[in-house]
Amino acid sequence: MSIIRISTAGSVDDGKSTLIGRLLFDTKSLPQDKIDAIQLSSEKKGLKELDLALITDGLTAEREQGITIDVAHIFFSTASRKYIIADTPGHVEYTRNMVTGASNSQVSMILIDARKGILEQTRRHLFIAKFLEMEQVLFVINKMDLMDYNQQTFESLKDELLDVCVAIDFPLDRVSFVPISAKVGDNVVEKSKHMDWYSGPTILGYLEQLNLRANLNDDFRFNVQYVVRPQSADFSDFRGYAGKVKSGTIKVGDEIQVNSSGQKSRVLRIFKGNSPILEAGPEASVLIELEKAIDISRGDTLTQSHEDVVHDKNLIAQLCWLDKRPLNIAKKYLLRHAGFQTIVAINEVVKTLDFDTLNFMVSKLVEQNTICEVEIKAAAPIYLDNFKRNKKNGYFILVDRDTNATVAVGVKQ
């Protein structure tokens, strides 16, 4: 059964929590005791219907302030697929949470209040979807019931959103639109009886028939997390390399090379847990044993012998700055990618993104939630693919060496 990872995005009060609650409720993914608790809470608030937003707004602070603060992960399934939803906050100051929640997602579901139209946050969330090379974006035009289910309202917003996509060069074949009312349930799981002018799928129907692209390439990438040497009587000479297959596949007998040294060997055995397997694919956490001992350390990248990862100590990258403290050009940071890390300096802030115009401008100030292009100088060669070519091996984080806080997420250009 396939798994679809979804992130929600939108401005405050656009109805993300209500939409997710509606999906869970209408797909019968909630236990009865949860429904009873929501019913009781809704009655205490004087509501005649269930307040579906309470299903996902589980934190006390969220309920008190009426906003979703952190990233909540929600799971539900149908007969054909499993779904993981990262429910991210709507406030501008929590853009960093959206980047975090969307980083492992395949689909971005961007909600828009039909009454308010396109806001700065809409453009911001769409650009972040592009920044993260999101495979699909679903624009959900919510609260259509408050606009008397007017077709022209939907069509006008759709045209405006298409213009924004064109402005930032986001592929139009990866964009879809659904008019809904999350509160009433129109076009969420069941087709609306109020919008006969809309012939497209419901949100669930869209997700169920979605054909996601495969990884942008099938090149084998394996990041070594740990060198396993039991040094016991039973395994006195054993040496294995534990990690995750980022992309591509590896089979017993394949020739691999270590990108840091160029040394080569063949795969003798592959273990998943304690069980030997013949082949490992993307996202598989495995241990690889080689025919001959070669110099491999934590942080090394393994590829097949005919492949290579371009490496350099100089790197052009886009960053989303997460820290409350601005980027300090005079400060050294740690760049981390899987098990690899090295000290880096930000040589230059080339440009930063203006979310009002969606254009990059010359600016040296990089504050929290800023997206910028930078030149990085590293103490050691960095083995990364271009992010557009291979998402799984094209990203990294920057860490403050004094506080160990993650200050930025970056992608190689």
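Below: a short report on this structure.

Rules used in this analysis
Position numbers for residues start from 1 in each chain and track the written sequence from start to end. Totals for whole chains, interfaces and linings use all residues, but because this is a predicted model, local features are given only for residues with pLDDT of at least 70 and pairs of side-chain atoms are given and counted only at 80 or more. By convention in this description, side-chain values take in all heavy atoms of the structure and omit both hydrogens and water. Helix and strand assignments follow DSSP, with helices taken as H or I runs no shorter than four residues and strands as E runs no shorter than two, numbered in order from the N terminus. Accessibility here uses a 1.4 Å probe with only protein chains present; expressed as a share of the type maximum, an area under 20% marks a residue as buried, one over 50% as exposed, and anything in between as partly exposed. For accessible areas, the Shrake-Rupley method is used with a probe of radius 1.4 Å. Any residue's cover is judged against the shown protein chains and nothing else. Every helix has an expected span of 1.5 Å times one less than the residues it contains. Contacts are residue-level and defined by heavy atoms, with any inter-residue pair within 4.5 Å sufficient. Stacked, tilted and edge-to-face are the three classes applied to pairs of Phe, Tyr and Trp rings, where Trp contributes its six-membered ring and a pair requires centres within 6.5 Å; stacked means planes under 30 degrees apart, edge-to-face means over 60, and tilted covers the rest.

Looking only at helices and strands, the protein chain features seven helices and 22 strands. The 413 residues of the protein chain split such that 52% are buried. Carbon and sulfur atoms provide 48% of the accessible area of the protein chain, an area that totals close to 19,100 Å².

Let us look at helix α5 (residues 120-131). Between its terminal C-alpha atoms α5 stretches 16 Å, which fits the 16 Å expected from 12 residues at 1.5 Å a residue. For α5, the buried fraction is high: 10 of the 12 residues fall into the buried class. Along α5, the positions that sit buried rather than exposed are Gln121, Thr122, Arg123, Arg124, His125, Leu126, Phe127, Ile128, Ala129 and Phe131.

Here we come to the side chain of Ser181. Here Ser181 lies in the loop between β6 (175-179) and α7 (203-208). Assessed through its relative accessible area of 1%, Ser181 is described here as buried. In contact with Ser181, not counting residues within four places along its chain, are Asn142, Lys143, Asp145, Asp186 and Val188.

A few words on the packing of aromatic side chains. Tallying each qualifying case throughout the model produces eight aromatic pairs. Residues Phe154 and Trp197 carry aromatic rings whose centres are separated by 5.7 Å and whose planes lie at 40° to one another, so their mutual orientation is tilted. Linking Phe154 in helix α6 (residues 151-167) with Trp197 in the loop between β6 and α7, this pair joins segments that are 43 residues apart in sequence. Overall, Phe154 belongs to the buried group, its relative accessible area being 3%. You can call Trp197 partly exposed: its relative accessible area is 21%. Where Phe154 meets Tyr198, the ring centres are 6.2 Å apart and the plane angle is 80°; that geometry is what we call edge-to-face. Of this pair, Phe154 sits in helix α6 while Tyr198 is found in the loop between β6 and α7, placing the two residues 44 residues apart along the sequence.

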